[in-house]
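# Tertiary structure, described
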Amino acid sequence: MRLALGFGLGTFGFGVLLAPWIGPGPKRVALWVADRDGNQLVGLDRDFLLATSSPLASPVRVEAMADGSAYALSAISGNPIGPHGLVHVDNEGGLQRVGLLGAGVDLAKVGNQVFVVEMGLWGADSRVLRVELGMGVPGVVSQRSLVPFAVSPGAVAVGVQSGPGAANPELSVLVGSDTGRLTRYNAGGALLQEVMGLAGEIGDVAPGPDGGWWVLDVASPNRLLYLDRNLGLLWAVETGLHSESLAPVEGEPRVWIADTTEPLVRRFGPDGVLELSTSTVATDFSRGAGLSSGEFWVASPGAALRLDHHGAGLPGQGGFDYLVDLSSVEP
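Each residue is numbered by its place in its chain's sequence as written, counting from 1. Side-chain atom pairs in this predicted model are given and counted only at pLDDT of 80 or more, local residue features only at pLDDT of at least 70, and totals for whole chains, interfaces and linings cover all residues. Side-chain measures were taken over the full set of non-hydrogen atoms in the model, leaving aside hydrogen atoms and water.

## A look at the nonpolar core
So the rule is basically this: What we call a nonpolar core is a set of buried Ala, Val, Leu, Ile, Met, Phe, Trp, Tyr and Cys residues that are connected through their side-chain atoms within 4.5 Å. Using a 1.4 Å probe on the protein chains alone, a residue whose accessible area is under 20% of its type maximum counts as buried, one over 50% counts as exposed, and one in between counts as partly exposed. Here a helix means four or more residues in a row that DSSP labels H or I, a strand means two or more in a row labelled E, and each is numbered from the N terminus. In what follows, a contact means two residues having at least one pair of non-hydrogen atoms within 4.5 Å.
Of all hydrophobic cores here, the largest spans 15 residues; its most connected members are Leu31, Val33, Trp297, Ala304 and Leu326. Those elements giving two or more residues to this core turn out to be strand E3 (31-35), strand E4 (40-44), strand E27 (296-299) and strand E30 (323-328). Residues within four places of Leu326 in sequence aside, it is in contact with Leu31, Trp32, Val33, Val62, Arg287, Gly288, Ala289, Trp297, Val298, Ala299 and Ala304.

## Things to note about the sheet that holds strand E8 (residues 84-89)
Quick note on the threshold: One bridge is not enough; two strands pair if DSSP finds at least two bridges between them. What counts as an axis is a line fitted to C-alpha atoms, over the stretch in contact for a helix, and the angles between N-to-C directions run from 0 to 180 degrees.
If you trace the four strands from one edge of the open sheet to the other, you get E6-E7-E8-E9, paired in antiparallel fashion. Of all strands in the sheet, those with a lone pairing partner are strand E6 (59-64) and strand E9 (95-101), marking the two edges. Neighbour-to-neighbour, the strand axes of the sheet open up by a mean angle of 20 degrees, direction not taken into account. Across six bridges, the pairing between E8 and E9 is antiparallel. Note on E9: the bridge partner recorded for His84 is Leu101.

## Thoughts on the sheet that holds strand E17 (residues 191-195)
Sheet architecture is open: four strands sit in the order E14-E15-E16-E17, paired in antiparallel fashion. At either end of the open sheet lies a strand with only one pairing partner, and these are strand E14 (155-162) and E17. Between one strand axis and the next, the sheet turns by 15 degrees as a mean value, whatever way the strands run. Where strand E15 (residues 171-177) meets strand E16 (residues 182-186), five bridges bridge the pair, whose relative direction is antiparallel. The residue bridging Val175 from the neighbouring strand is Thr183, located in E16.

## So, empty space enclosed by the protein
The following threshold applies: A 1.4 Å probe that fits but cannot get out identifies a cavity on a 1 Å grid over protein atoms alone, an open set with protein on both sides within 12 Å along at least five of seven lines counts as a pocket, and a residue lines either if it has an atom within 4 Å of a point. Grid points are joined across faces, edges and corners, and a volume is the space filled by probe spheres set on the points.
Evaluated as defined, the whole model comprises one cavity of 30 Å³ or more. Reported here for the largest cavity is a volume of approximately 30 Å³. Together, Ser245, Leu246, Ala247, Trp256, Ile257, Ala258, Ser286, Arg287, Gly288 and Phe296 line the largest cavity. By residue number, the principal contributor to the lining of the largest cavity is strand E23 (residues 255-258), which donates three residues.

## Thoughts on the confidence of the model for the protein chain
When pLDDT drops low, the exact placement of atoms in the prediction is not to be read closely. Stated precisely, the cut-off is as follows: For every residue, the pLDDT score states the predictor's confidence, bounded by 0 at the bottom and 100 at the top.
Here the protein chain averages 88 in pLDDT, and 88% of its residues register 70 or above. Taken together, the stretch residues 1-24 has pLDDT below 50 and engages in 68 contacts with residues farther than four places along the chain or on a different chain.

## Regarding the pattern of salt bridges
Which entries qualify depends on this criterion: A pairing counts as a salt bridge when a side-chain nitrogen of Lys or Arg comes within 4 Å of a carboxyl oxygen of Asp or Glu.
By the definition in use, this model includes 14 salt bridges. Linking Asp325 and Arg61 is a salt bridge whose minimum nitrogen-to-oxygen distance equals 2.3 Å. Taken together, the residues Asp325 in strand E30 and Arg61 in strand E6 connect sequence positions 264 residues apart. Accessibility classification places Asp325 together with Arg61 in one group, the buried group. One continuous salt-bridge network, built from bridges that share partners, spans Arg61, Asp106, Asp204, Arg287 and Asp325.

## Some points on the side chain of Ser69
For clarity, the cut-off: In protein, a polar contact requires one atom able to donate a hydrogen and another able to accept it; more generally it is a pair of N or O atoms within 3.5 Å, and residues adjacent in sequence count only if both atoms are side-chain atoms.
Mapped onto the elements of the fold, Ser69 is located in the loop between E6 and strand E7 (70-75). The class for Ser69 is buried, based on a relative accessible area of 4%. A polar atom in the side chain of Ser69 sits 3.0 Å from the side chain of His88. Residues in contact with Ser69, not counting those within four places in the same chain, are Trp32, Ala64, His88, Val89, Asp90 and Asn91.

## Remarks on the pairing of E30
Summarising burial for E30: six of the six residues are buried, a large majority. As defined by bridge partners, E3 adjoins E30 across five bridges and the pair is classed as antiparallel. Counterpart to Asp35 in the pairing with E30 is Leu323.

What follows is the structure in structure tokens.
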């Protein structure tokens, strides 16, 4: 089902996605990538070789699920502020439409819970939507639909996590706005907390260890913040980067950040300490994923790249038209 030719480029090795190779059986998807200009979602296995591919118009965001499937936002007309579709893709590449919305700008998941940000345009408020799983028909795939969750003016980013309590964990949803507002909701969409003044413009939010929150402030200077579960500021540090997204390491107090204008990647650890700063052979990075193994996977325009925990390049996968997002099945 795959064929990959490797070639060296600096410290990185890339494969080129070519014609299918008939192998012993389907490979498990470890990484989903959104090739916007190639109009496809591609699933790669743990060796970064092609496992599956699905045609999809201008995919702009993808969020992998634990079962190997994924959700993806698609700019239907190719316009980033035009209508978007949300689809579910199974681990064999089968697509199911979930719903239509306006300008979709972010996705977040915890467990089987998925949330979407629809940016408000021309004076309209932004909204947060939730994927609802229906019972479906016996023997037929479960139906999925988009339902309103909360109205959140200026929302551009969402993160979600389960709170303490193994028997009945409390869901906490954090929304960041382009004016620096942070708003936290419970599982039912009720407002729990709203904070202003910690950041100038939110670019990304993500759950941290112990119920805390990572926040990326993309106003100049670019800053990384870490908040407690009640949105109290624990520390903040300037990143020295032009960055737009965070790639936390699951369960650890560290996060990878890639520069969008320079070939530079950094990892910050406890209390904002700069643990690693490395130059790469690629630039124009989009979103990435920090793995518990210590690796960092990140989307660049033509390739999905890998770094080890020291920042050294590992074999990746090339041959894409323009990657804008990737998401790891394994946290």
